[in-house]
Amino acid sequence: MTFAELNLTKPLLNALTDKGYETPTVIQEKVYSVVMSGRDVCGIAQTGTGKTFAYLLPCLRQYQFTKDKTPQLLILVPTRELVVQVVEAVQELTTYMNIVTVGVYGGVNLKPQQAAVHAGADVLVATPGRLVDLLSAGAVKMKALKRLVIDEVDEMLNLGFRAQLKVILDLLPPKRQNLLFSATLTDEVEALMNTYFNAPVRVEAAPVGTPLTNIRQSAYAVPNFYTKVNLLSLLLRTHPDMNKVLVFVATKHLADELVEEMDTQLPGQVGVIHSNKAQNARFAAVNEFQAGTIRVLIATDIIARGLDIAEVSHVFNFDLPEVPENYIHRIGRTGRADRPGVAIAFITEAEKEKQAAIEALMNYAIPMLPLPDDLAISSELTFAEQPQIDMKTIQVKTVKRDDVGPAFHEKSAKNQKVNVRRDYAAEKMRKYGRPIKRSGKK
Ligand code: AMP
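Owing to the predicted nature of the structure, the values given are computational and were not obtained by experimental measurement. Starting from 1, residues in each chain are numbered consecutively following that chain's sequence as written. Local features in a predicted model are, by the rule used here, given only for residues with pLDDT of at least 70; side-chain atom pairs are given and counted only at 80 or more, and totals for whole chains, interfaces and linings are based on all residues. With hydrogens and water set aside, each side-chain value is computed from the structure's full complement of heavy atoms.

To obtain an axis, a line is fitted to C-alpha atoms, over the contacting stretch when the element is a helix, and the angle between two such axes runs from 0 to 180 degrees between their N-to-C directions. Runs of H or I in DSSP of at least four residues are treated as helices and runs of E of at least two as strands, each being numbered from the N terminus. Running from N to C, helix 10 (residues 225-238) and helix 11 (residues 252-265) point in directions that differ by 45 degrees, and their axes come no closer than 10 Å. Taken together, the axis directions place helix 10 and helix 11 in an arrangement best described as oblique. Handedness of the crossing formed by helix 10 with helix 11: right-handed. Note on element contacts: helix 11 touches helix 10 through Leu254, Glu257, Leu258, Glu261, Met262 and Gln265, opposite Phe225, Tyr226, Val229, Asn230, Leu232, Ser233, Leu236 and Arg237. The residue makeup of the contact of helix 10 with helix 11, split by class, is 8 nonpolar, 3 polar and 3 charged. Roughly parallel means an angle under 35 degrees; roughly antiparallel means over 145; roughly perpendicular covers 65 to 115; every other angle is labelled oblique. Crossings are classed by handedness, with left-handed meaning an anticlockwise turn of the near helix from the far one by less than a right angle and right-handed meaning a clockwise turn. We call two residues in contact when some of their heavy atoms are within 4.5 Å. Only Asp, Glu, Lys and Arg are considered charged, only Ala, Val, Leu, Ile, Met, Phe, Trp, Tyr, Cys and Pro nonpolar, and every remaining residue, Gly among them, polar.

The structure is reproduced here in structure tokens:
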């Protein structure tokens, strides 16, 4: 099947041809026919499957021109970077259409975004928090809304956007088509769908638990954090083919620690992105990584989810994620659009349980590699790695007193003294016969 067979409009087809897209991906083909039939959609798809075009193509296909520039299509995404990315995808597809697309997200001044929406938007891409701000300021009208897309809904709920999502869903016109996309179908996602959606048709890109087959996975058993740092820099120094490397770590704190260590070993080659970074720094890090200015990007899961960075050569799991599914999301960032990718994990003794859970989920044992001979094994431990000393709790018994009365006792002898104000003027008068001021000056 080709895009030409999809009953797309000429402008959309031309835009796709310009970009060299010829055949729809599985999810694109499946979602297209369901959306065109008017039904609600629940798409189970992760980034890299082409899910963005899967919802954009049929929604843009059904766009009806009006002079009234209020949104017909609303797309909710969990992160600010995704807003920017989806806006770019819409603009790519609407090169030959008269459609205004506006992206709004928090962390930056509300006023310019408010002005942009006010000036007119056919397609609005938003993070839930900022949309609630705009809706409550009366800055955006939803009366013309025809379709709602909620992308990465599982991540949105993970990030705690539950309340905002409900506020938004309650404010939208009820007669609309809904498209929901999630990498995993959790109970909560299902509950949300049953409450707000109308018997959605389930469409799956690749069942969760199946790693993309064009990713070569391997792992090293590494004793601790500092040895992991040494191994990462050794591999990067000896493998020039590791040219676009995404390194995942569990926490913002670890990300900061790792970038500090790596920057001394590979100066100027390493960037970092996590949610505590200022918005400008976040965009700059992604852009520099995308452009190849920096070779390595250290990232936490939350930020990296959904980011479509082209041609990532290697994904490192510097540590294993808490949630086994996240391992699959992480490694899915390489081997995109049918290009082979490499995923390498560093696993400590303490992470063996997580490894077992991941392998059970994938039904695949990650091949282990021997540590390189020239690797410097560090014996230094981070605070978190140091053995925890159990502090003994010593119970201190207080003496029981029966004769406890009011908290009153007589003053002791030395505290009996009464302070009397001294009258210096009178003392001087007595001594010198005239009132001498203490300062001696007027
Ligand atoms: P997504 O899963 O939406 O994040 O898309 C992943 C990447 O695949 C994006 O860089 C798209 O440009 C690309 N892509 C989407 N659809 C197609 C297609 N039909 N053929 C080739 N590449 C595509």
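Moving on, we come to the sheet that holds strand 10 (residues 270-273). By this definition, two strands are paired if DSSP reports at least two bridges between them. Strands sit in the order 10-11-9-12-13-8-14 across an open sheet of 7 strands; the sheet is parallel. In this open sheet, the two edge strands, each paired with only one partner strand, are strand 10 and strand 14 (368-369). Looking at chain direction, strand 12 (residues 314-317) and strand 13 (residues 341-347) are connected through 4 bridges and run parallel. When the sheet's bridge partners are listed, Asn317 is paired in strand 13 with Ala345. Of the strands in this sheet, strand 9 (245-249), strand 10 and strand 11 (296-300) touch helix 11, which is tilted by about 160 degrees from strand 11. Contacts from helix 14 (residues 324-331) reach strand 8 (215-221), strand 9, strand 12 and strand 13, with the element oriented near 155 degrees to strand 12.

Put simply, a salt bridge is a Lys or Arg side-chain nitrogen that is within 4 Å of an Asp or Glu carboxyl oxygen. All told, the structure shown has 15 salt bridges when counted by the stated rule. Two residues, Arg130 and Asp133, come together in a salt bridge whose shortest N-O distance is 3.3 Å. In this pair, Arg130 and Asp133 are both assigned in helix 6 (residues 128-136), 3 residues apart and thus about one turn of the helix distant. Each residue's exposure class comes from its accessible area (1.4 Å probe, protein chains only) as a fraction of the maximum for that residue type: buried when under 20%, exposed when over 50%, partly exposed otherwise. The exposure class assigned to Asp133 is partly exposed, which follows from its relative accessible area of 34%. If you follow the salt bridges from partner to partner, you end up with Lys51, Asp151 and Glu152 in one network.

UniProt positions are given in the numbering used here, feature names are shortened, and annotations may be inferred rather than shown by experiment. On the UniProt side, "domain: Helicase ATP-binding" (unreviewed entry) is annotated at positions that read residues 32-203 here. Along residues 32-203, the helical share is 44% and the strand share 17%, with 10 Å between the first and last C-alpha atoms.

Bringing the pairing of strand 6 (residues 177-182) into the picture now. Strand 6 sits mainly inside the fold: 6 of its 6 residues count as buried. Neither face of strand 6 is open: one carries Gln177, Leu179 and Phe181, the other Asn178, Leu180 and Ser182, and all of them are buried. Where strand 1 (residues 41-44) lies against strand 6, 4 bridges are found, and the strand directions are parallel. In the sheet register, Gly43 faces strand 6, and the bridge partner there is Phe181. The pairing of strand 5 (residues 147-150) with strand 6 spans 4 bridges and is parallel. Looking across to strand 6, one finds that Val149 is bridged to Leu179.

This part takes up the site of the ligand. A cutoff of 4 Å decides nearness: a residue is near a molecule or strand if any of its heavy atoms lies inside that distance of it. For the ligand, the set of nearby residues contains 15 residues, the closest of which are Tyr21, Gln28, Gly48, Thr52 and Asp308. One nitrogen or oxygen atom from the main chain of Thr23 is found 2.9 Å from a nitrogen atom belonging to the ligand. Pairs of N or O atoms within 3.5 Å make up the polar contacts considered here, provided that, within protein, one atom can donate a hydrogen while the other can accept it, and that residues adjacent in sequence are counted only when both atoms are side-chain atoms. At 2.7 Å, a side-chain N or O of Gln28 approaches a nitrogen atom of the ligand. If you tally residues by element for the shell around the ligand, the top one is helix 3 (residues 51-61), at 3 residues.

One non-glycine residue, Glu152, adopts positive backbone phi at about 55 degrees. Inspection of the secondary structure puts Glu152 in the loop between strand 5 and helix 7 (153-158). Located in the positive-phi region is Ala199, a residue other than glycine, with phi close to 40 degrees.

What marks off one domain from the next here is an automatic or database domain assignment. Parsing the protein into structural domains produces domain 1 (3-205) and domain 2 (215-369). With centres defined by C-alpha atoms, the gap from domain 1 to domain 2 works out at 29 Å. Taken residue by residue, the interface counts 17 residues in domain 1 and 16 residues in domain 2. Summing both sides of the interface, domain 1 and domain 2 together bury roughly 1,500 Å²; the carbon and sulfur share of this comes to 53%. A salt bridge links Glu81 to Arg282; the nearest nitrogen and oxygen atoms lie 2.8 Å apart. Across the domain 1-domain 2 interface, the total number found is 1 residue pair in polar contact (both at pLDDT 80 or more). Listed by contribution, the elements that provide at least two residues to the side of domain 1 that touches domain 2 are helix 4 (80-93) and helix 7. In terms of residue class, the side of domain 1 that touches domain 2 is built from 6 nonpolar, 6 polar and 5 charged. By buried area we mean the combined loss of accessible area, with a 1.4 Å probe, across both parts when two parts are placed together.

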